[in-house]
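# Geometric and topological summary
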Amino acid sequence: MKKTIVLGVIGADCHAVGNKILDFSLSSAGFEVINIGVMNTQEEFINAATETNAQAIWVSSLYGHGEIDCRGFRQKCEEAGLQDMLLYVGGNLVVGKQEWEQVEKRFKDMGFNRVYPPGTNPVEAIKDLEKDLQTKVK
Amino acid sequence: MKAVLLIDFGSTYTKLTAVDLDAEEIMAVAKSPSTVETDIIQGFNQALALLEEQLRKVPHEFTERLACSSAAGGLKMIAIGLVPELTAEAAKRAALGAGARILGTYSYQLDRSEMKEINESRPDIILLAGGTDGGNKDCIIHNAGLLAEMLPQVPVIVGGNKKARDEIESIFRRKNICFCISENVMPRLNVIQVEPVRETIKQMFIERIIEAKGIKKVEKIIGNVLMPTPAAVLKAAQVLADGTDLEEGLGELVVVDIGGATTDVHSIATGEAVQAGVTLRGLQEPYAKRSVEGDLGMRVSARSLWEAAGSKKIKKYLVAAQFDIEGRCKELSARVDALPRSPEEEEFDEAMGAVAAEIAIERHVGVLESQYTPNGIIYSQTGKDLQNIKYLIGTGGVLVHSKQPGMILRAGLSREENSPYLKPLNPKILLDKTYIMSAMGLLAERYPDQAFRILKRYLEKV
């Protein structure tokens, strides 16, 4: 059975190109992609995942405000009954130039399973996803 | 002469409309208080006697009789979904479009106290939705199980995740539940599909609900009851907007029906964004959309209208008349059969009608929000953009009896610049002066071309 992934851009961010690329990559890799497009609240990601019974949520952010937009996301998932949801986030996540390790740590502390810097090849993240989904099944 | 008798069993009045199909004319209309509680046929016979009185000199024979009904509280429904903004909302919209009165909307996995609440509200039909096709099925299966256990007497229509159908079917069969499986109201995320469920509701209404409400036994005399009355109004609106096989329609339109207990708004329009560069958000809206405002009405809901609008808003529409607005609204909601007896009281009714139209349309239409982003202002639209609809049509007692129906209906138009509400800007305004919208919706089931032409002829420009 195809695994379902909710994909979208968070906050007041309307960058649509990367979103289309990820949609294409995930679909080509055999996933059922629920693409909710640009400018979404956390609630919209969570509602979409609830109705579609998704296994993972992929959050993109390019405009630098991702850190504020993503705060409390994991807690809300838990509140909504999506206990072991895989949360991925990627893009230009913070304001200005900052150490990547620090950025990654901050997002992992927020409860994201995987964090990706700008310019990541989608193939890399998809490989991680397949691995994570397998461990999730176990 | 080939004449058709159209019957509307309302909660207060039984209304009859006689139509000459060849001449495409309304021959006569008559109404008499409904007698659903005792014997429904009494009220019908009284109205028929009034109608025949008018037709004394015209030789005629009714070759066909068609009826719609909102008697005995109308078609009372409960909508159940998973997420409130998604499948629960989609289920509600599907039921409203079928002409139902929504007693309540429920979401997520239900519990026993909610079941008790549903039972106490005495619904005629429960619409059970939840999950996209291939999406979540635990919730809808849980709810089906609970319904089968605790409410086995209420008919259920299933409009949820198709992957859960087999299991739900076996649960319901085991408990001998009356049910019907339809298509999913939200097959994919944010994509709404209401027509198949609406059709199933109509079928179940004809087959089961009519009987339960004691109307079935008189079908020999009154002809077939085809649909709930609000569905007939929506049908008339749709025929008028889209036209028929032979006739060109009027184009996108809105119908406002201001009644004693509720104000209904029907829009037949895609509602796509008028402005360029607007992103659409949220659940898709049905092309033929009906909304019901249970707190906006001329009599039963006069008090709640005041609560919703406030005295200032009502006062805005009062020119000469001086009233204790709060007191008058409370008085009217207690005396539901009160008719205005002076020019001042007429003016007060008109002001209430205008407020009902203003608020009901505001709630029906979509909203345009602007967000400030690092890339400048971005606009996003939730709901339908009805700015460019071509016609706004009014129906309901207050409009028919008013000397200035145009003023009441124009209260629903967009007035302020940069208002976030996407209300009609400059439509042509029509009035259902002869009160035939629901009758023509009925007629359109069998004779759409004639119904279309009669509507076009009898709606007056105001």
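Conventions we followed
Residues numbered from 1 in each chain as written. Chains lettered and ligands numbered in written order. Predicted model: local features only at pLDDT ≥ 70, side-chain atom pairs only at ≥ 80, totals over all residues. Helix = DSSP H or I, 4+ residues; strand = E, 2+ residues; numbered from the N terminus. Rg over C-alpha atoms; globule rule 2.2 N^0.38 Å. Contact = placed C-beta atoms within 7 Å. Pairing = 2+ DSSP bridges. Axes fitted to C-alpha atoms, helices over the stretch in contact; angles between N-to-C directions. Domains from an automatic or database assignment. Nonpolar A, V, L, I, M, F, W, Y, C, P; charged D, E, K, R; others polar. Expected span 1.5 Å × (residues − 1). Buried ≥ 20, exposed ≤ 12 C-beta atoms within 10 Å, placed from the backbone. Core = buried A, V, L, I, M, F, W, Y, C linked by C-beta atoms within 7 Å. Right-handed = clockwise from strand over helix to strand, strands pointing away.

### Focus: the overall build of chain B
The secondary structure content of chain B amounts to 16 helices and 19 strands. Over its C-alpha trace chain B gives a radius of gyration of 22 Å, about what one expects of a compact globule, namely 23 Å for 462 residues. Each principal axis of the C-alpha atoms in chain B carries an extent, and together these give about 65 × 60 × 50 Å. At a minimum sequence separation of 6, the contacts of chain B that also span at least 24 residues come to 71%.

### Comments concerning the sheet that holds strand S15 (residues 367-373) of chain B
All names here are of chain B. Pairing is mixed across the open sheet formed by 3 strands, whose spatial order is S13-S16-S15. The sheet is open, and its two edges are formed by strand S13 (278-281) and S15, each paired on a single side. Ignoring which end each strand starts from, the neighbouring axes of this sheet average 35° apart. Here S15 pairs with strand S16 (residues 376-382) via 7 bridges, running antiparallel. Each residue of the ladder has a partner; that of Val 367, found in S16, is Thr 382.

### A word on the domain arrangement of chain B
All names here are of chain B. The domain boundaries assigned to chain B delineate domain 1 (2-71 + 214-222), domain 2 (75-209) and domain 3 (234-296 + 358-461). On a C-alpha basis, the centres of domain 1 and domain 3 stand 29 Å from each other. Taken residue by residue, the interface counts 11 residues in domain 1 and 14 residues in domain 3. By residue number, the principal contributor to the side of domain 1 that touches domain 3 is strand S1 (residues 2-9), which donates 3 residues. Broken down by class, the residue content of the side of domain 1 that touches domain 3 amounts to 8 nonpolar, 1 polar and 2 charged.

### Observations regarding helix H2 (residues 84-97) of chain B
Residues and elements named next belong to chain B. Helix length check: H2, at 14 residues, gives a terminal C-alpha distance of 18 Å against a target of 20 Å (1.5 Å per residue), a fit within 8%. Of all 14 residues that make up H2, 12 are buried, and the element is covered over most of its length. Within H2, the full set of buried residues consists of Leu 86, Thr 87, Ala 88, Glu 89, Ala 90, Ala 91, Lys 92, Arg 93, Ala 94, Ala 95, Leu 96 and Gly 97. Looking one or two places after H2, you find Gly 99, whose phi comes out positive at around 90°.

### Details of the sheet that holds strand S18 (residues 428-431) of chain B
Residue and element names in this part refer to chain B. Pairing is mixed across the open sheet formed by 6 strands, whose spatial order is S14-S12-S11-S17-S18-S19. Each having just a single partner strand, strand S14 (288-293) and strand S19 (460-461) make up the two edges of the open sheet. The sheet contact formed by strand S17 (residues 391-395) and S18 spans 4 bridges and is parallel. Note on S18: the bridge partner recorded for Gly 394 is Leu 431. Each of strand S11 (253-258), strand S12 (263-268) and S14 is contacted by helix H8 (residues 229-242), which is oriented at about 30° to S12, the strand it contacts most.

### Side note on the interface of chain A and chain B
Every contact between the two is made by 13 residues of chain A and, on the other side, 17 residues of chain B. No other element matches helix H2 (residues 42-52) of chain A, which puts 5 residues into the side of chain A that touches chain B. Tallied by class, the residues present in the side of chain A that touches chain B amount to 8 nonpolar, 4 polar and 1 charged.

### Observations regarding the nonpolar core
Leu 127, Leu 128, Leu 253 and Leu 443 of chain B are the most contacted members of the largest nonpolar core, which has 139 residues in total. Tallying contributions element by element places helix H12 (residues 343-364) of chain B first for this core, with 10 residues. Discounting chain neighbours no more than four positions away, the residues touching Leu 443 of chain B are Val 4, Leu 6, Val 19, Leu 66, Gln 450 and Ala 451 of chain B. By size, the runner-up hydrophobic cluster in this structure holds 38 residues, among which are Ile 10, Leu 26, Val 38 and Met 85 of chain A.

### Focus: the pairing of strand S2 (residues 32-35) of chain A
A regular strand carries its side chains on alternate faces of the sheet. Residues and elements named next belong to chain A. In the sheet, strand S1 (residues 4-9) pairs with S2 via 4 bridges, with the strands oriented parallel. Considered in S2, the bridge of Leu 7 is made with Asn 35. In the classification by handedness, the crossover that spans S1, the intervening helix H1 (residues 17-28) and the parallel S2 is right-handed.

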